[in-house]
Amino acid sequence: MTYKVGIVGTGAIGWRIIKEMDEHKDFEVAGFAKSSTGGRFKQLVSKYPFYVSKNINMEKYSFDDMLIRLKSRKADFDKNNPSGHLIDLLLEVDIIFDATPGKMGIKNKLLYEHEILNQKREEIGLKPLKVIYQGGESPEVAESSFIANPCYDKVSNESLNQRVVSCNTTGMGRPLYSLLQNKNIPDIDRAYNTLVRRSIDPSSKKGSFIDAFKAEANSHHGHDLNTIYPNLKIGTTAFAVPMSHFHGHSLTVLFKDNIESEDVEELLRKDSRIAVINPPGLFSGDLFEISRQFWNQDSFVVAAQVKKMCDFDDSLEILLAVPQESIVIPETIDCANALLTNKSKKQSMDTTNDLLEIPVIKQQLEYELTP
Ligand SMILES: NC(=O)c1ccc[n+]([C@@H]2O[C@H](COP(=O)([O-])OP(=O)(O)OC[C@H]3O[C@@H](n4cnc5c(N)ncnc54)[C@H](OP(=O)(O)O)[C@@H]3O)[C@@H](O)[C@H]2O)c1
């Protein structure tokens, strides 16, 4: 069976989702919606049906008002030959990937879940609309938050929506999954993470500071990770710095007993979406350069270097390099599988990995960045 997908918002995340969905044999891109002809519009509109969107405030408008507003908006775009407006797209697809700027998804949710929309869907033989939101939304937007390994089996075909957590939360969440679920290493007592994050996306025209940093103690990242691992004691501090590729993390994990870094290295190496590297000094430029060998410089994997924390036998420091735009793409595809298909977690993650060529990327990073 092929599932029809719609993508709302085609920025850094949305256009990557379109590209991968287009190549996925189980999914078919029915179209994309955006509110302007900026960004990658020309490239996308030459390949996929375009549906006109607009900022939605369903608290203010009734469904019928919204329909009128969208129809009139469509007229503004007629020279671009749109296939319809957002509601038309919502009446076409099995699932929507909402990749609009953070905090817009929660507004769109009122439309996606509108009684009249779902009545109309039922009339034409469609099931209730499923939606995947991204990490810029607060956790309340969806039934639960999602990273493939810890969450896949908790999501059933009965679920209507999920929120794929942000790039930083995914970056922390992958290695912590290996540490939390392995019974052969000591339990985690607590963890602290200092994140050095990009202050701006590569494609942003908004501008950034160029000679400063912005720090945030008790940042939201730790709290977000608790939506995945509620019992984990974690604290995070975030520094935004003038760079645009990769986030760097220094994740310090305190265990309840002594631990060997080699054991943890071996454990992380078994995770198909973690590249365990061991360069003399972790330099994000190396990762960026190696990632250029792959499509669009996207590496999808988090690179991890494991070190003993000073001379403490019970603590490790795990340095992480997070490719911010691509790391959430495999999780988003798996999330769609969990919501719609009968694939097991392993089947889903394996097929997603193969689609994105993740095994090759992991192997190449580990080969080139280990002496
Ligand atoms: N960027 C990253 O590295 C990254 C990483 C992980 C997660 N995320 C999360 O992913 C989500 C999307 O982020 P992003 O960076 O991809 O955003 P982005 O680059 O700013 O793109 C947002 C897209 O939404 C469209 N849009 C705006 N208003 C719209 C509307 N009313 N209806 C339909 N489309 C609309 C924009 O185009 P128009 O203005 O033309 O409509 C644009 O295509 C956010 O939740 C973010 O936190 C981002």
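Summarised in this report is the structure supplied together with it. Owing to the predicted nature of the structure, the values given are computational and were not obtained by experimental measurement.

Each value, and the rule that gives it
Residues numbered from 1 in each chain as written. Predicted model: local features only at pLDDT ≥ 70, side-chain atom pairs only at ≥ 80, totals over all residues. Heavy atoms only, no water. Phe/Tyr/Trp six-rings, centres within 6.5 Å; stacked < 30°, edge-to-face > 60°. Helix = DSSP H or I, 4+ residues; strand = E, 2+ residues; numbered from the N terminus. Lys NZ or Arg CZ within 6 Å of the ring centre and 35° of its normal. 1 Å grid on protein atoms, 1.4 Å probe; cavity = no way out; pocket = protein on both sides within 12 Å on 5 of 7 lines; lining within 4 Å. Points joined across faces, edges and corners; volume = space filled by probe spheres on them. Nonpolar A, V, L, I, M, F, W, Y, C, P; charged D, E, K, R; others polar. Domains from an automatic or database assignment. Near = heavy atom within 4 Å. Polar contact = N/O pair within 3.5 Å; in protein donor to acceptor, adjacent residues only side chain to side chain. Areas by Shrake-Rupley, 256 points an atom, 1.4 Å probe, with all protein chains shown as cover. Buried < 20%, exposed > 50% of the residue type's maximum accessible area, 1.4 Å probe, protein only. Contact = heavy atoms within 4.5 Å. Pairing = 2+ DSSP bridges. Right-handed = clockwise from strand over helix to strand, strands pointing away. Salt bridge = Lys/Arg side-chain N within 4 Å of Asp/Glu carboxyl O. Expected span 1.5 Å × (residues − 1).

## Here we look at the packing of aromatic side chains
Then, in step 1: Under the criterion given, the structure shown has seven aromatic pairs.
Then, in step 2: With a centroid separation of 6.0 Å and 40 degrees between ring planes, the pair formed by Y3 and F27 is classed as tilted. Here the residue Y3 occupies a position in strand β1 (residues 3-8), and F27 occupies one in strand β2 (residues 27-34), the gap between them amounting to 24 residues.
Then, in step 3: Joined through ring pairs, the aromatic side chains of F32, F41, F50 and F77 make up one cluster.
Then, in step 4: The ring of W15 carries R40 above its face, with NZ or CZ at 3.5 Å from the centroid.

## Digging into empty space enclosed by the protein
Then, in step 1: On inspection of all chains with the given rule, the structure shows one cavity of 30 Å³ or more.
Then, in step 2: Considering only enclosed or pocket space, the largest cavity measures out at about 40 Å³ in volume.
Then, in step 3: Around the largest cavity, the lining residues are I147, A148, N149, R174, D271, R273, E331 and M349.
Then, in step 4: Here the residues of the lining of the largest cavity sort into three nonpolar, one polar and four charged.
Then, in step 5: A domain-level breakdown of the lining of the largest cavity finds at least three residues from each of domain 1 (3-165 + 328-356) and domain 2 (167-327 + 357-368).

## Topic: the site of the ligand
Then, in step 1: As a matter of local geometry, the ligand sits amid 26 residues, with K34, S35, S36, S53 and D201 nearest to it.
Then, in step 2: Between T10 and the ligand, the recorded distance is 2.9 Å, taken from a backbone N or O atom to an oxygen atom.
Then, in step 3: K34 is positioned such that a nitrogen or oxygen atom in its side chain is 2.7 Å from an oxygen atom of the ligand.
Then, in step 4: The fraction of the free accessible surface of the ligand (890 Å²) that becomes covered by protein chains is 82%.
Then, in step 5: Of the residues contributing to the shell around the ligand, the split by class is nine nonpolar, 12 polar and five charged.
Then, in step 6: When residues of the shell around the ligand are sorted by domain, at least three fall in each of domain 1 (3-165 + 328-356) and domain 2 (167-327 + 357-368).

## Thoughts on the environment of G173
Then, in step 1: Among the structural elements, G173 can be located in helix α8 (residues 167-181).
Then, in step 2: With relative accessibility at 0%, the residue G173 sits in the buried group.
Then, in step 3: Considering only alpha carbons, one finds G173 and T227, 54 residues apart in sequence, at a separation of 10 Å.
Then, in step 4: Ignoring sequence-local partners within four residues, the contact set of G173 consists of I147, L225 and Y229.

## Regarding the pairing of β2
Then, in step 1: By the criterion of burial, β2 is predominantly enclosed, with seven of the eight residues buried.
Then, in step 2: As judged from the six bridges shared by β1 and β2, these two strands associate in the parallel manner. For K4, the partnering residue across the bridge sits in β2 and is E28.
Then, in step 3: Taking the sense of rotation as the criterion, the β-α-β connection linking β1, helix α1 (residues 14-23) and β2 turns out right-handed.
Then, in step 4: As paired strands, β2 and strand β3 (residues 50-52) are joined by three bridges and run parallel to one another. Counted as the bridge partner of K34 is V52 from β3.

## Digging into the pattern of salt bridges
Then, in step 1: A complete count under the given rule lists 22 salt bridges for this structure.
Then, in step 2: R198 is paired through a salt bridge with D201; the nearest N and O atoms lie 2.6 Å apart.
Then, in step 3: What makes D201 partly exposed here is its relative accessible area of 23%.
Then, in step 4: Through salt bridges with shared partners, a single ionic network connects R174, R273, E331 and D334.

## What about unusual backbone geometry?
Then, in step 1: We note that N218 has phi near 45 degrees; this positive angle belongs to a residue other than glycine.
Then, in step 2: Among the structural elements, N218 can be located in the loop between β10 (214-216) and α9 (220-225).
Then, in step 3: Look at C310: it is not a glycine, yet its phi comes out positive at around 45 degrees.
Then, in step 4: Following the sequence through the fold, C310 ends up in the loop between β14 (302-308) and β15 (315-322).

## So, the pairing of strand β11 (residues 234-241)
Then, in step 1: Two elements, strand β9 (residues 188-198) and β11, share eight bridges in a ladder whose sense is parallel. Paired with R197 across the strands is A240, a residue of β11.
Then, in step 2: Two strands pair when backbone bridges link them, and β10 and β11 are joined in this way by three bridges, in the antiparallel orientation. When the sheet's bridge partners are listed, K214 is paired in β11 with A240.

## Quick notes on α8
Then, in step 1: With 15 residues, α8 should cover 21 Å at 1.5 Å per step; its first-to-last C-alpha distance of 21 Å lies within 8% of that length.
Then, in step 2: The element α8 is largely enclosed, with a buried count of 13 among its 15 residues.

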